[in-house]
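As a plain string of letters, each chain reads:
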Amino acid sequence: MKSITINGSQRESVGKKATKALRDAGKVPCVVYGGEAPIHFSADELAFSKLVYTPDVHTVVIELDGKKVDAILQDIQFHPVTDRILHIDFYQISDDKEVMLEIPVRITGNSRGVRNGGTLRIVSRKLRVKAIPANLPDVIEVDITEMKIGDKLYVTAAANDKFTILHSDNEVICQVRTSRTAVADTGDDEDEEGEEGTEEAAAE
């Protein structure tokens, strides 16, 4: 998994007044949990842009006065009006300790059901997995090539020896629904050049 480095400074005072002063200076107060004791630090708000404002998932290397802490993003708070970052919680990770993380799902292939006029509906855009940091994938790819109209693809299709998927086996990743323009699936692969059907956003 890709990693992002955040350069920060440890903070001695964690009171409301000190926190407000940090935010007024364009910095974000943060805490790292999971180690021997919580680590309080701050960093420039712009330093988090590639971590927060992206669909990708990254591990984080936090550099504090020459010391490096490996972590993952745990929680983030935004201002309800301005959407500025108010606070970020991180969780410290180590090479031999499993962590849980939500990984984006990437759909690959051209479904035969969609080629026959069906509609692809993505139900799960992220899957929660558990693994040691070295085995965390950037994305989870699932191939929909063989899906016909009416088929559903379950999380078991994304199973991998390197990580554990923390969802029930009957949870659906995507399905191909019928539509008014759908034709009967004869099992032939003649319509290889058909256009991909529209994709409906999953209900959150």
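Rules behind the numbers
Residues numbered from 1 in each chain as written. Predicted model: local features only at pLDDT ≥ 70, side-chain atom pairs only at ≥ 80, totals over all residues. Heavy atoms only, no water. pLDDT = per-residue confidence, 0-100. Contact = heavy atoms within 4.5 Å. Salt bridge = Lys/Arg side-chain N within 4 Å of Asp/Glu carboxyl O. Buried < 20%, exposed > 50% of the residue type's maximum accessible area, 1.4 Å probe, protein only. Helix = DSSP H or I, 4+ residues; strand = E, 2+ residues; numbered from the N terminus. Pairing = 2+ DSSP bridges. Axes fitted to C-alpha atoms, helices over the stretch in contact; angles between N-to-C directions. Phe/Tyr/Trp six-rings, centres within 6.5 Å; stacked < 30°, edge-to-face > 60°. Polar contact = N/O pair within 3.5 Å; in protein donor to acceptor, adjacent residues only side chain to side chain.

A.B. asks: Quick question: what am I supposed to make of the confidence of the model for the protein here?
C.D. replies: Any residue range with low pLDDT should be treated as having predicted coordinates unsuitable for detailed reading. Per-residue confidence for the protein gives a mean pLDDT of 87, with 88% of residues at or over 70. Overall, residues 189-204 carries pLDDT values under 50, and its contacts beyond four positions in sequence, including any with other chains, amount to 32 contacts.

A.B. asks: Help me understand the pattern of salt bridges in this model?
C.D. replies: All told, the structure shown has six salt bridges when counted by the stated rule. As a salt-bridge pair, Lys68 and Glu63 come within 3.7 Å of each other at their nearest N and O atoms. Overall, Lys68 belongs to the exposed group, its relative accessible area being 59%. Two residues, Arg112 and Glu146, come together in a salt bridge whose shortest N-O distance is 3.8 Å. Separated by 34 residues along the polypeptide, Arg112 in helix 3 (residues 112-115) and Glu146 in the loop between strand 10 (140-143) and strand 11 (152-154) bring together distant segments of the chain. Given the relative accessible area of 12%, Arg112 is considered buried.

A.B. asks: What am I meant to see in the sheet that holds strand 1 (residues 3-10) here?
C.D. replies: Sheets are built from strands that pair by backbone hydrogen bonding, the pairs being arranged parallel or antiparallel. Strands sit in the order 1-3-2-6-5-4 around a closed barrel of six strands; the barrel is mixed. Within the sheet, the average angular offset between the axes of one strand and its neighbour, ignoring direction, is 45°. Here six bridges tie strand 4 (residues 59-64) to strand 5 (residues 67-78), and the two strands are oriented antiparallel to one another. Across the sheet, residue Thr59 finds its bridge partner in strand 5, namely Ile72. Contacts between helix 1 (residues 16-24) and the sheet are confined to strand 2 (27-33), strand 3 (39-44) and strand 6 (85-92), with strand 2 contributing the most and set at about 125° to the helix.

A.B. asks: How should I be thinking about the sheet that holds strand 12 (residues 164-165) in this particular structure?
C.D. replies: With mixed pairing, the four strands of this open sheet are ordered in space as 10-7-9-12. Each edge of the open sheet carries a strand with a single partner, namely strand 10 and strand 12. Here strand 9 (residues 126-131) pairs with strand 12 via two bridges, running antiparallel. Paired with Val129 across the two strands is Ile165, which belongs to strand 12.

A.B. asks: What is the right way to look at the environment of Asp56 in this model?
C.D. replies: With respect to the helices and strands, Asp56 occurs in the loop between helix 2 (49-52) and strand 4. The spacing of Asp56 and Lys2 is 54 residues in sequence and 9.1 Å in space, taken between C-alpha atoms.

A.B. asks: Explain the pairing of strand 7 (residues 99-108) here, please?
C.D. replies: A regular strand places its side chains so that they alternate between the two faces of the sheet. By the bridge criterion, six bridges tie strand 7 to strand 9 in an arrangement that is antiparallel. Bridging across to strand 9, Leu101 finds its partner in Val129. As judged from the four bridges shared by strand 7 and strand 10, these two strands associate in the parallel manner. Within strand 10, the position partnered with Thr108 by the bridge is Asp143.

A.B. asks: Even after reading the chapter, I still don't get the packing of aromatic side chains, so can you show me in this structure?
C.D. replies: One pair of aromatic rings is described through two measures. These are the centre distance and the angle between the planes. Considering all chains together, one arrives at two aromatic pairs under this definition. These aromatic residues form a ring-pair network of at least three members: Phe41, Phe48 and Phe90.

A.B. asks: Would you explain the side chain of Glu45 in this entry?
C.D. replies: Looking at the secondary structure, you find Glu45 in the loop between strand 3 and helix 2. For Glu45, the side chain forms a polar contact with the side chain of Arg84, separated by 3.0 Å. The residues touching Glu45, leaving out its near neighbours within four places in the chain, are Gly26, Lys27, Val28, Arg84 and Ile85.

A.B. asks: Hey, could you run me through unusual backbone geometry in this one?
C.D. replies: Trans peptide bonds make up most of the peptide bonds, and negative phi angles are found at most residues other than glycine. At Asp65, a residue that is not glycine, the phi angle is positive and equals roughly 50°. Counting through the fold element by element, Asp65 comes out in the loop between strand 4 and strand 5. With a phi angle near 65°, Asp83 is a residue other than glycine that sits in the positive phi range. Inspection of the secondary structure puts Asp83 in the loop between strand 5 and strand 6.

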